[in-house]
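# Residue-level structure breakdown
The lines below spell out each chain.
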Amino acid sequence: MCLLALVWEFLARLHLWPELLFPPFSSVVASLVDEIAQGEIAGRTWYSLSLIGAGLSLAVLASFLACALAMMFPACADALSALMAVLHPLPAIAILPVLLLWFKTGRHSIVLLIVFSAFWPLTASIHAGLRSVPLTQIEVGKNLGLKGLSLVGNVMLPAALPAIIAGLRVGWARAWQASVAAEMVFGASGKDGGLGWFLYKKRYFLEVPAVFAGMLVIIAIGLLVENLLFKFLERHTIERWGMSSE
Amino acid sequence: MKQVEFRQVSKVFATGRQKIVALRDVSFAVEPGEFWTIVGPSGSGKTTLLRCLAGLERPTSGEILVAGRRVTAPGRDRMMVFQDLDQLFPWRTVLGNILFALRLARPDMGRKECSDLAHSYLQLVGLEDYAHLYPHQLSGGMKQRVAIARALGVQPAVLLMDEPFASLDAITRAGLTAELLNIWSETRVTVIFVTHNIEEALITADHIVVLARGGSVRALLPNNLPRPRQVDDPAFAVARQRLHELLGQAQTLPEGNAAHERGPEAHPLVRPAAGGAHLS
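Since the model is a prediction, treat every value here as computed from it, not as a measurement. (Residues numbered from 1 in each chain as written. Chains lettered and ligands numbered in written order. Predicted model: local features only at pLDDT ≥ 70, side-chain atom pairs only at ≥ 80, totals over all residues. Heavy atoms only, no water.)

### Details of the overall build of chain B
Heads up, the rule is: Secondary structure follows DSSP: runs of H or I at least 4 residues long count as helices, runs of E at least 2 residues long count as strands, and numbering of each begins at the N terminus. To sort residues, take the accessible area from a 1.4 Å probe on protein chains only and compare it with the maximum for the residue type: under 20% means buried, over 50% means exposed, and anything in between is partly exposed. The contact criterion used is simple: two residues touch if any of their non-hydrogen atoms lie within 4.5 Å. Every accessible area reported is derived by Shrake-Rupley at a probe size of 1.4 Å, with residue values counting cover from the shown protein chains alone. The positive count covers Lys and Arg only, the negative count covers Asp and Glu only, and His and the chain ends enter neither. Taken as the charge location is NZ of Lys, CZ of Arg, CG of Asp or CD of Glu.
Summing up its helical and strand segments, chain B has nine helices and 10 strands in all. Over its C-alpha atoms, taken along the principal directions, chain B stretches across nearly 60 × 50 × 35 Å. Classification of the 280 residues of chain B by burial places 52% in the buried group. A sequence separation of at least 24 residues applies to 71% of the contacts in chain B between residues at least 6 apart. Accessible area for chain B stands at about 12500 Å²; split by element, carbon and sulfur atoms hold 50% of it. For chain B, the separation between the mean place of its 31 positive charges and that of its 28 negative charges on side chains is 6 Å.

Below is the structure:
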């Protein structure tokens, strides 16, 4: 990472390209410090994260609901895989125009877009995970007198945890993409706006170091979530249980 | 009262247009505390028989009684130990697996009592030093021992074992078979054990059920070899020969119903004259 920064700084100092388009790393860092001091970045980041939090939670709820229905009724499973085949390949950003028509610009549209972008990979992963729970473990559960929800909670969900975590990872990445992309298309209403809007606005005013600073923040959050949240979760669950290679 | 009773149990699997008879008119009765072993060539319905008793499958006709009550669903009075090495819950420790089953079976029991009892079952299978390991850290034989401890912890009336040692190497397998017999003589639980291994059947069983292809009972044999059974006992060799022949006949599908109508053979495995040993 340090090496990357050094190479960046070196290339920029060669002045092969106008500094306006390719600022050196040092001025990006300076701009980042500046934006943090002014408090704008923190607000934007918080706004983005709150949208993603809301969207991702809704998507997780919807996915579990859909998977529950699919596991209980074969007809629902068929319907779900048909819908998945049609809608999963559709890039989330492509439904933005429709969302804008139906729900106007603003929070709701972005949250819905995040839900849509995270729902399909999450559902695909969770459903596959639930279907591949070893039959023997389910039968041991039944033998012990577990039924319905107690069987799901005590056997199916823990057994499907590797797939659930994998789904959350993809869902989180898609949610980030969707939120940043959506805000670049129509910004946000009034003063509100997240990191996507920050990038867009800074480009508009040609504050290029700030654009790169915004990207650094997005990367940093991605790394933090991956290493602190997902890796931590895995280390204390599926890696400890020897389930991670599956 | 009989501990387990099969009354003309048949099971037919219908897959599309094809019908496969897995069990045909199986009847036998098991007294409390007995060790019954089911043998038969593959495709003779051994596992189906056990799964019907466990309540994991429903017989097409006939009925199965456990302590006089008809089997309709899985229950903790019949605990199954599977062949699969992944029957333990990987997210629980060895002790956790046993405790989980114990708490479900005995919700009235206190925490301390539960934990003591779980430890005593771990001790029974000789794994008290491994209580806090996760299943993936155990060998195959250890996993099966934990599965046995977990099943026994529930204190079932009948222990069902579906080739529990078939995925293990021969030495581990022989050791575990001996261990199972010790556990059985300590707990006096009724055992129904499925295997395709002739020696395993002769070493373990009070009674041997020989299933033929097509799922009918070829023979019901009281095994009167004296315990502990020795493989190098001349009587054992005779019994092995006899069982071997019966299993050979069981390989062929019955012509019409001829074999079926003749009814199963039911002589004791070793007749005093044949063995030459002192047999009761």
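There is more to say, and it comes next.
### Some thoughts on a nonpolar patch on the surface
Residues and elements named next belong to chain A. To keep it simple, the criterion reads: Here, patches come from residues exposed beyond 30% relative accessible area and free of salt bridges, joined within 9 Å for like charges and within 5 Å for nonpolar side chains (Val, Leu, Ile, Met, Phe, Trp, Tyr). Basic side-chain nitrogens of Lys or Arg form a salt bridge, by our definition, when they fall within 4 Å of a carboxyl oxygen of Asp or Glu.
Judged by side-chain polarity, V98, L101, W102, F103 and L112 come together as a nonpolar surface patch covering roughly 530 Å² of accessible area. Among the elements that take part in the nonpolar patch, helix α5 (residues 96-103) stands out by supplying four residues, more than any other. Inspection of the secondary structure assignment puts L101 in helix α5.

### Some remarks on the sheet that holds strand β2 (residues 18-30) of chain B
Residue and element names in this part refer to chain B. Worth spelling out the cut-off: Only strands joined by at least two bridges in the DSSP assignment are considered to pair.
If you trace the four strands from one edge of the open sheet to the other, you get β2-β1-β4-β5, paired in antiparallel fashion. The two strands at the open ends of the sheet, each matched to only one other strand, are β2 and β5 (69-70). With two bridges connecting them, strand β4 (residues 61-66) and β5 associate as antiparallel partners. Paired with V66 across the two strands is R69, which belongs to β5.

### Focus on empty space enclosed by the protein
Rule in force here: A 1.4 Å probe that fits but cannot get out identifies a cavity on a 1 Å grid over protein atoms alone, an open set with protein on both sides within 12 Å along at least five of seven lines counts as a pocket, and a residue lines either if it has an atom within 4 Å of a point. Grid points are joined across faces, edges and corners, and a volume is the space filled by probe spheres set on the points. Note on residue classes: Ala, Val, Leu, Ile, Met, Phe, Trp, Tyr, Cys and Pro are nonpolar, Asp, Glu, Lys and Arg are charged, and everything else, Gly too, is polar.
The full count for this structure, using the stated rule, is one cavity of 30 Å³ or more. Here the largest cavity defines a volume of roughly 50 Å³. The wall of the largest cavity is formed by A:V140, B:M79, B:M80, B:V81, B:Q87, B:A147, B:R150 and B:A151. For the lining of the largest cavity, the class distribution of residues is six nonpolar, one polar and one charged.

### Considerations on the packing of aromatic side chains
This is how the line gets drawn: To pair, rings of Phe, Tyr and Trp, with the six-membered ring standing in for Trp, must have centres within 6.5 Å; the planes then decide the type, stacked if under 30 degrees apart, edge-to-face if over 60, and tilted in the middle.
Evaluated as defined, the whole model comprises 17 aromatic pairs over all chains. With a centroid separation of 5.5 Å and 55 degrees between ring planes, the pair formed by A:W8 and A:F212 is classed as tilted. On the criterion of sequence distance, the pair formed by A:W8 in helix α1 (residues 2-13) and A:F212 in helix α11 (residues 208-236) is long-range, its members being 204 residues apart. Classification of A:W8 by relative accessible area gives buried; the value is 16%. Geometrically, the ring pair formed by B:F165 and B:F193 is tilted, given 6.2 Å between the ring centres and 55 degrees between the ring planes. In this pair, B:F165 is assigned in the loop between β7 (158-162) and α5 (170-187) and B:F193 in strand β8 (residues 190-194), connecting sequence segments 28 residues apart. Judged by its relative accessible area of 0%, B:F193 is buried.

### Regarding the pattern of salt bridges
All names here are of chain B. Tallied over the entire structure, the rule returns 22 salt bridges over all chains. Its salt-bridge partner being E57, residue K11 comes within 4.0 Å of it at the nearest N-O pair. Here the residue K11 occupies a position in strand β1 (residues 4-15), and E57 occupies one in the loop between α1 (46-54) and β4, the gap between them amounting to 46 residues. Residue E57 is classed as partly exposed on the basis of its relative accessible area, which comes to 22%.

### Some details on the side chain of B:Q3
Mapping B:Q3 onto the fold places it in the segment before β1. Beyond its immediate stretch of four places on either side in the chain, B:Q3 contacts B:V30, B:E31, B:P32, B:L65, B:V66, B:A67, B:A157, B:V158 and B:T190.

### With respect to the pairing of strand β10 (residues 217-222) of chain B
Residues and elements named next belong to chain B. Here strand β9 (residues 207-211) runs beside β10; their pairing, made up of five bridges, is antiparallel. Bridge pairing links V209 to L220 in β10. The turn joining β9 and β10, which pair antiparallel and follow one another in sequence, is formed by five residues; a positive phi near 95 degrees is taken by G214.

### Some details on unusual backbone geometry
A negative phi angle is the norm for most residues apart from glycine, just as the trans form is the norm for most peptide bonds. Going from B:R227 to B:P228, the amide bond is cis rather than trans, its omega being -5 degrees. Topologically, B:P228 is positioned in the loop between β10 and α7 (234-250). One non-glycine residue with positive phi stands out, namely A:H15, at about 55 degrees. Structurally, A:H15 is set in the loop between α1 and α2 (25-38).

### Some thoughts on the packing of helix α3 (residues 40-72) of chain A against helix α4 (residues 74-87) of chain A
All names here are of chain A. Going by this rule: Lines fitted to C-alpha atoms define the axes, with helix axes restricted to the stretch in contact, and inter-axis angles between N-to-C directions lie between 0 and 180 degrees. Angles are sorted into four bins: roughly parallel if under 35 degrees, roughly antiparallel if over 145, roughly perpendicular if 65 to 115, and oblique for all others.
It is at 5 Å that the axes of α3 and α4 come closest, and there the two elements cross at 130 degrees. Comparing the axis directions of α3 and α4 gives the class oblique. Residue-level contacts link A66, L69, A70 and M72 of α3 to P74, C76, A77 and L80 of α4. Tallied by class, the residues present in the contact of α3 with α4 amount to eight nonpolar, no polar and no charged.

### Details of the interface of chain A and chain B
The accessible area lost on association of the parts is a frequent measure of interface size. Where we set the bar: Throughout, the accessible surface (probe 1.4 Å) given up by two parts as they are put together, summed over both, is called the buried area. Counting of polar contacts relies on pairs of N or O atoms within 3.5 Å, with two restrictions inside protein: one atom must be capable of donating a hydrogen and the other of accepting it, and residues adjacent in sequence are counted only when both atoms are side-chain atoms.
The partner chain B presents 24 residues to the 20 residues of chain A that form the contact. Carbon and sulfur atoms supply 63% of the area buried between chain A and chain B, which totals about 1900 Å² over both sides. It is A:N143, A:L144 and A:W241 in chain A that bury the most area against chain B; as a group they hold 35% of the surface buried on that side. Remark: the boundary between chain A and chain B carries one salt bridge. Between A:E139 and B:R51 there is a salt bridge; the shortest N-O distance is 2.6 Å. Joining chain A to chain B, the criterion identifies 11 residue pairs in polar contact (both at pLDDT 80 or more). Counting residues per element, the side of chain A that touches chain B draws most heavily on helix α7 (residues 135-143) of chain A, which supplies seven residues. For the side of chain A that touches chain B, the class distribution of residues is nine nonpolar, seven polar and four charged.

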